[in-house]
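Commentary on secondary and tertiary structure
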Amino acid sequence: MTIALSARDLRLSFGARKALDGLSLEAESGRVTALLGPNGAGKTTFIRCATALLTPESGELSVFGHAPGSNEARNLVGLMPQATGAWAAVTPSRLLGYLSRLYADPQPVDGMMALLDIDEFAGTPYRRLSGGQQQAVNLAGALIGRPALVFLDEPTAGLDPRARKTTWDLIRRVRDAGVAVLLTTHNMQEAEELSDHVAIVHKGRVRAHGRVGDLTRDTGSLEEAFLFHTEETS
Amino acid sequence: MSLDFTPRPVPAARGRQLRAHAAMEAGLILRNGEQLILALLFPMAVLIGGRYLADRVGLGFQELAPSVFAMVMWSSGLTTLAISTGFERRYNVLERLAATPLGKEGILAGKGLSIALITLGQVVLLAATALLLGWRPVLDPLAGLVALVVAVLAMGAFTGLGLAMAGSLRPETTLALANVAYLAGLPLGVLLPVSALPAWSQLPVSLLPTAALGETFRAASRGDVLLVPILVTAAWCVLAAWLARKVFRWTS
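Computed from a predicted model, the values in this text were never measured in an experiment.

On to the interface of chain B and chain A, then. Taken together, the 41 residues of chain B in the interface contact 46 residues of chain A. Ranking the residues of chain B by area buried against chain A places Phe5, Met24 and Arg96 of chain B at the top, with a combined share of 21%. Taken together, chain B and chain A are joined by three salt bridges. In this structure, the salt-bridge partner of Arg8 of chain B is Asp105 of chain A, at a minimum N-O distance of 2.7 Å.

The next thing to look at is the UniProt feature "domain: ABC-2 type transporter transmembrane" (unreviewed entry) in chain B. According to UniProt, the positions carrying the feature "domain: ABC-2 type transporter transmembrane" (unreviewed entry) are residues 61–244 of chain B. Secondary structure content for residues 61–244 of chain B is 83% helix and 0% strand, while the C-alpha to C-alpha distance between its ends is 36 Å.

Residues and elements named next belong to chain B. Inspection of every chain in the model, using the stated rule, returns 20 salt bridges over all chains. In this structure, Lys111 engages Glu25 in a salt bridge whose closest nitrogen and oxygen atoms are separated by 3.1 Å. One end of the pair, Lys111, is in helix H5 (residues 103–133); the other, Glu25, is in helix H1 (residues 14–31), and 86 residues separate them in sequence. Judged by its relative accessible area of 3%, Glu25 falls in the buried class.

We now examine the side chain of Ser29 of chain A. Take Ser29 of chain A: it is sitting in the loop between strand S2 (17–28) and strand S3 (32–36). Those residues in contact with Ser29 of chain A that sit more than four places away from it in its chain are Met1, Thr2, Ala4, Phe64, Gly178, Val179 and Ala180 of chain A.

Residue and element names in this part refer to chain A. In terms of burial, strand S7 (residues 180–185) is a largely internal element, six of the six residues being buried. With five bridges connecting them, S3 and S7 associate as parallel partners. Directly across from Ala34, in S7, lies its bridge partner Leu183. Taken together, the five bridges between strand S6 (residues 149–153) and S7 define a ladder with parallel strand orientation. Along S7, the bridge assignment pairs Leu152 with Leu183. In this view, the connection linking S6 to its parallel neighbour S7 by way of helix H6 (residues 161–176) has right-handed handedness.

Another aspect to go through is the nonpolar core. By size, the foremost hydrophobic cluster in this structure holds 113 residues, and its most contacted members are Trp87, Tyr98, Ile118, Leu152 and Val181 of chain A together with Leu213 of chain B. No other element matches helix H3 (residues 61–90) of chain B, which puts 14 residues into this core. Apart from the residues within four sequence positions on either side, Leu213 of chain B is in contact with Ala70, Met73, Val150, Ala151, Ala154 and Phe158 of chain B. Residues Leu20, Leu25 and Leu54 of chain A together with Ala99 of chain B belong to the second largest nonpolar core, which totals 29 residues.

All names here are of chain A. With mixed pairing, six strands are arranged side by side in an open sheet as S5-S6-S7-S3-S8-S9. Since the sheet does not close on itself, it has two edges, and those belong to strand S5 (77–80) and strand S9 (205–210), each with one partner. Shown here is a sheet whose adjacent strand axes are inclined to one another by a mean of 15°, direction ignored. The sheet contact formed by strand S8 (residues 197–202) and S9 spans five bridges and is antiparallel.

What follows deals with helix H3 (residues 92–100) of chain A. With seven of its nine residues buried, H3 of chain A lies for the most part within the structure. Within the span of H3 of chain A, buried status applies to Pro92, Leu95, Leu96, Gly97, Tyr98, Leu99 and Ser100 of chain A.

With that out of the way, let us pick up the packing of aromatic side chains. All names here are of chain B. This model, assessed by the stated rule, comprises six aromatic pairs over all chains. The interplanar angle of 70° and the centroid separation of 6.4 Å between the aromatic rings of Phe42 and Tyr182 together place this pair among those described as edge-to-face. Of this pair, Phe42 sits in helix H2 (residues 33–53) while Tyr182 sits in helix H7 (residues 171–190); the two residues are 140 residues apart in sequence, bridging distant segments of the chain. We classify Phe42 as partly exposed; its relative accessible area is 34%. By relative accessible area, which is 2% here, Tyr182 ends up buried. Taking the centre distance of 6.1 Å and the plane angle of 35° together, the rings of Phe87 and Tyr91 count as tilted. The lysine or arginine in question, Arg51, covers the ring of Tyr52, its NZ or CZ lying 5.4 Å from the ring centre. Above the plane of the ring of Phe61 lies Arg51, whose end atom (NZ or CZ) is 5.8 Å from the centre.

Parameters at a glance
- Residues numbered from 1 in each chain as written.
- Chains lettered and ligands numbered in written order.
- Predicted model: local features only at pLDDT ≥ 70, side-chain atom pairs only at ≥ 80, totals over all residues.
- Heavy atoms only, no water.
- Contact = heavy atoms within 4.5 Å.
- Buried area = accessible area lost by both parts, 1.4 Å probe.
- Salt bridge = Lys/Arg side-chain N within 4 Å of Asp/Glu carboxyl O.
- UniProt positions renumbered as here; feature names shortened; annotations may be inferred.
- Helix = DSSP H or I, 4+ residues; strand = E, 2+ residues; numbered from the N terminus.
- Buried < 20%, exposed > 50% of the residue type's maximum accessible area, 1.4 Å probe, protein only.
- Pairing = 2+ DSSP bridges.
- Right-handed = clockwise from strand over helix to strand, strands pointing away.
- Core = buried A, V, L, I, M, F, W, Y, C linked by side-chain atoms within 4.5 Å.
- Axes fitted to C-alpha atoms, helices over the stretch in contact; angles between N-to-C directions.
- Phe/Tyr/Trp six-rings, centres within 6.5 Å; stacked < 30°, edge-to-face > 60°.
- Lys NZ or Arg CZ within 6 Å of the ring centre and 35° of its normal.

Right, here's the structure in full:
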């Protein structure tokens, strides 16, 4: 199995607050790796390090063996940000058309829009879309360049059950096609349904990781495991 | 349609990426009503109004026309860029694009290209209008070359200052500050010649990039060559680039 993302002992502070405090993690191709953690645990900070928006103070981080932000690394990744991620006035069709032009062999824009039911609102400015519609556009944007590693930062937050199911099905298809998927979520059911590997992050460090079965063996449920490993005293 | 998600990430040629980004940014700016007023309607009004009123305030039309060119560079390089970048940062556009083949350098290069194209279009349109209204510049190759060099350096300084603002402040603060800076710059050498200002203020104002650009354009229009503004704008360009690099944050 190919290691798509490798992080070892990452450390990064914002003033006195340690956002990453020795975080180590691996994500493999053809696997969904879920990051679970309370708000402020360091999940989004970690993704921002992997896309070179932030630079860790120490530790090792690589994307398919390349430095984050290098030409090689950024060609290989797709990103769905946690919120917005588009110009307020841009329409979905224009945004996706633009993103596709950054690649030599992108997914067909019409096909992506049809798959995620975006064509119904393809001409509506992004700022007028519902939260769920914006999420669909963001997911399409993350996948349009046929990435080998995709970061999905809370991909189903605010989605209705049908849209969530569509998103889950798509994530499984992407994973089965060989893409490494790293997603963050607060939804335990989502982590159980989708993940091949789960990492529970708290205060900038991975407190526990493994398959869902491994993590729930002692606690009975993923939620209990989450609560156990994110106790304030831990 | 059945899509195949097998990884096959191949970046487009760099030139195509930059053109795509520049076209997207320029299109968004030109579709924005407020930006269009700032970019075209306001300078055009100053130019046309000035044709008939400038003499009454002691500023000849031959000086006003090149001043208006400096005005659009000041507005596009600083205000337009700062405001659009500030909101891109707020809306995570920069975060998303940094994780594409475009990358941070491509984002900045595409922005620079879009602002350059918009400014070039503004100057061409305003110059044509000015010529129709009676502007008759003295064509001197050296003066034209110096004006071009100063224009590039001044735009570098303005964009550096705009990025420093957009990359470190809230977008609402950037919006207010960039507009105030725009208005403040107009009498500080952009529209008004330094010689029209009080004697005590002429030296400090002449050290501003706004005055360096305005004075150079007005001189070039007369066929005169000024060399000091090259040094002034070069110094501001380096200073602004250093500041932007130091304070710019890609996320809000």
